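# Chain and residue survey
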Amino acid sequence: MTPSTEDAPEGQMKLSADRMMELAELASRLIVERCERLPTEPAWRGGTRAELEPLMREPPPEEGRPAEHVLERAAREILPVAGRTDHPRFFAFVPSSPTWPSVLADYMAAGHNVFQGTWLGASGPSQLEVVVIDWFRDWIGYPDSAGGLFTSGGSAASLDAFVAAREAAGAPDRASVYMSDQSHTALSRAATIVGVRPERVRKVPTDDRYRLDMDALVTMVAEDRAAGLSPIAVCGNAGATNTGAVDPLDAMADFCEREGLWLHVDAAYGGFAVLADEGKRLFVGIERADSIAMDAHKWLFQPFETGCLMVKDIRRLESAFSVRPEYLQDTEWGRDHPNFGDRGLQLSRSFRALKVWMSIQTFGMKAFRSAVARGIELAARAEEWIRDSENLEIANPASLSVVCFRFNPAGRDLGSTELEKLNDRIQSRVINTGTAMMSSTRLRGVYSLRLCILNHTTSWEDVRSTLEAIERFGLDEVSGGD
Ligand SMILES: Cc1ncc(COP(=O)(O)O)c(C=O)c1O
């Protein structure tokens, strides 16, 4: 093994071209082998602190070690001890299954070390971000005035949106915002960060399918105004994490227009379903929202940290975030040359648009459309299978690509506490046997299993075998087996 610092003068960490190539080839081989093995491996691996400390705890070495050893250690001891969110049977939380070109794009962007904060700093990458954001604009049905930026994810996108909403409302003292009781906690956290008191982040009740109740929203806003609060924004879900619920976006847009309120749609999970007919049908009105958060690292098959915020009138975002320090005066190239650092929280930012661009260039929109639609189809098929089973029951029908259900065998009158414990044991067995990765949730306080089917490599066989295993583990549990 050759040390990583071969031939480098003291303090320089540059490698020869041959070494760079050797190491890049090894890294690529380790990743590709991992991707090939993935379907035959468990969808999750984890470890406790006590297990992992002895493997990794050490002071930083004073002298460098052979780079091959370092890469192999990362690939064998550290990276695999994690959820494999791109495994075809990873159905927990919100999966993420990046295309290979999008992974390479992250590598290429890092290799070029693009500073994507200003046009001067990265003209080509900025032009490409404009182009990809315009693709998203067209998919949503936003007007030409719309624009946006790539963010680390949905949390950052919502935070940026709330800053714009607050400024558009004149930054009132007693600001309040409204979201359904199903909205992601990223939104309430973002609202409090921008200065909305936690008690003024108002949770609107939902209907029997977990969609925001319009009457309740209207009443809450009226009561809050009467009590001297200043409502600034209403948030709609285009795919709530828990259930996939889509709020009545068109009615919410009517209301927000009447009341002069900013409508923000959290489409972090569901947004790219707009590429499928079912998504288009469910999202009627989304194009009327003032802002929309959509995570390409979820349903557009990109690696993590490919979030996005779209704003209907991009000037409102820019006026909330633009800064003009002396030391950046050279970066002002005028309106046609946006500085993406002026559209949100980050000045130093990576070149995220390249991931989307490279994967769409490689596979084409047709492939993306059908991959998105397949998630919806598989969830509907899972719902059908569950309904046909005597041992499973639907807790909430499939919405987008999420379906919630329980094991509750026919003919046995199990109490709610017993049912919860039973389903909890089933979920542990699904994970610990390496069958699949599946998370649980609570719907109005009642324990539920949940599948989120979002991976472009997932087949019906992956879904069906998981449901069969759930049924089998459940029957085994009630008959006292192990
Ligand atoms: C609906 C929804 N909103 C917001 C978020 C937060 O997004 P991120 O984790 O990308 O910050 C998530 C994450 O799963 C989500 O599903």
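As a further point, take the overall build of the protein. Looking only at helices and strands, the protein has 15 helices and 11 strands in total. In terms of overall dimensions, the protein is globule-like: its C-alpha atoms have a radius of gyration of 24 Å, near the 23 Å expected for 482 residues. Once the C-alpha set of the protein is aligned to its principal axes, its extents read approximately 75 × 60 × 45 Å. Residue burial in the protein is summarised as follows: out of 482 residues, 51% are buried.

A word on the sheet that holds strand β3 (residues 201-204). The strand order across the open sheet built from seven strands is β1-β7-β6-β5-β4-β2-β3, with neighbouring strands paired in mixed fashion. The open sheet terminates on both sides in strands that have one partner only, identified here as β1 (147-151) and β3. Strand-to-strand twist across the sheet, computed as the mean angle between neighbouring axes with direction ignored, equals 20°. Bridging between strand β4 (residues 230-237) and strand β5 (residues 262-266) involves five bridges; their strand directions are parallel. The residue of β5 that forms the bridge with Asn 237 is Asp 266.

So, about the packing of aromatic side chains. Applying the stated criterion across every chain, the model contains six aromatic pairs. Each ring, one from Phe 136 and one from Phe 150, has its centre 5.7 Å from the other, and the planes form 65°; the classification is edge-to-face. One end of the pair, Phe 136, is in helix α5 (residues 123-140); the other, Phe 150, is in strand β1, and 14 residues separate them in sequence. Residue class for Phe 150 comes out buried when judged on its relative accessible area of 1%. Centre to centre, the rings of Phe 301 and Phe 368 are 6.0 Å apart; their planes meet at 45°, and the pair counts as tilted. Placement of the pair is Phe 301 in the loop between α11 (296-299) and β7 (307-311) and Phe 368 in helix α13 (residues 353-388), with a sequence separation of 67 residues. Comparing Phe 301 with Phe 368, the two get one shared label, buried.

A few words now on the domain arrangement of the protein. Its domain assignment divides the protein into domain 1 (20-85) and domain 2 (104-360). Using only C-alpha atoms to locate each centre, domain 1 and domain 2 end up separated by 35 Å.

Another point: the site of the ligand. Near the ligand there are 14 residues, and of these Gly 154, Ser 155, Thr 241, Asp 266 and Asp 295 occur at the shortest range. Contacts to the ligand include Gly 154, whose backbone N or O atom sits 2.8 Å from an oxygen atom. In the model, an oxygen atom of the ligand is placed 2.6 Å from a nitrogen or oxygen of the Ser 155 side chain. Against a free-state accessible area of 390 Å², the protein chains account for coverage of 83% of the ligand. Taken together, the residues of the shell around the ligand sort by class into four nonpolar, seven polar and three charged.

What counts as what
- Residues numbered from 1 in each chain as written.
- Predicted model: local features only at pLDDT ≥ 70, side-chain atom pairs only at ≥ 80, totals over all residues.
- Heavy atoms only, no water.
- Helix = DSSP H or I, 4+ residues; strand = E, 2+ residues; numbered from the N terminus.
- Rg over C-alpha atoms; globule rule 2.2 N^0.38 Å.
- Buried < 20%, exposed > 50% of the residue type's maximum accessible area, 1.4 Å probe, protein only.
- Pairing = 2+ DSSP bridges.
- Axes fitted to C-alpha atoms, helices over the stretch in contact; angles between N-to-C directions.
- Phe/Tyr/Trp six-rings, centres within 6.5 Å; stacked < 30°, edge-to-face > 60°.
- Domains from an automatic or database assignment.
- Near = heavy atom within 4 Å.
- Polar contact = N/O pair within 3.5 Å; in protein donor to acceptor, adjacent residues only side chain to side chain.
- Areas by Shrake-Rupley, 256 points an atom, 1.4 Å probe, with all protein chains shown as cover.
- Nonpolar A, V, L, I, M, F, W, Y, C, P; charged D, E, K, R; others polar.

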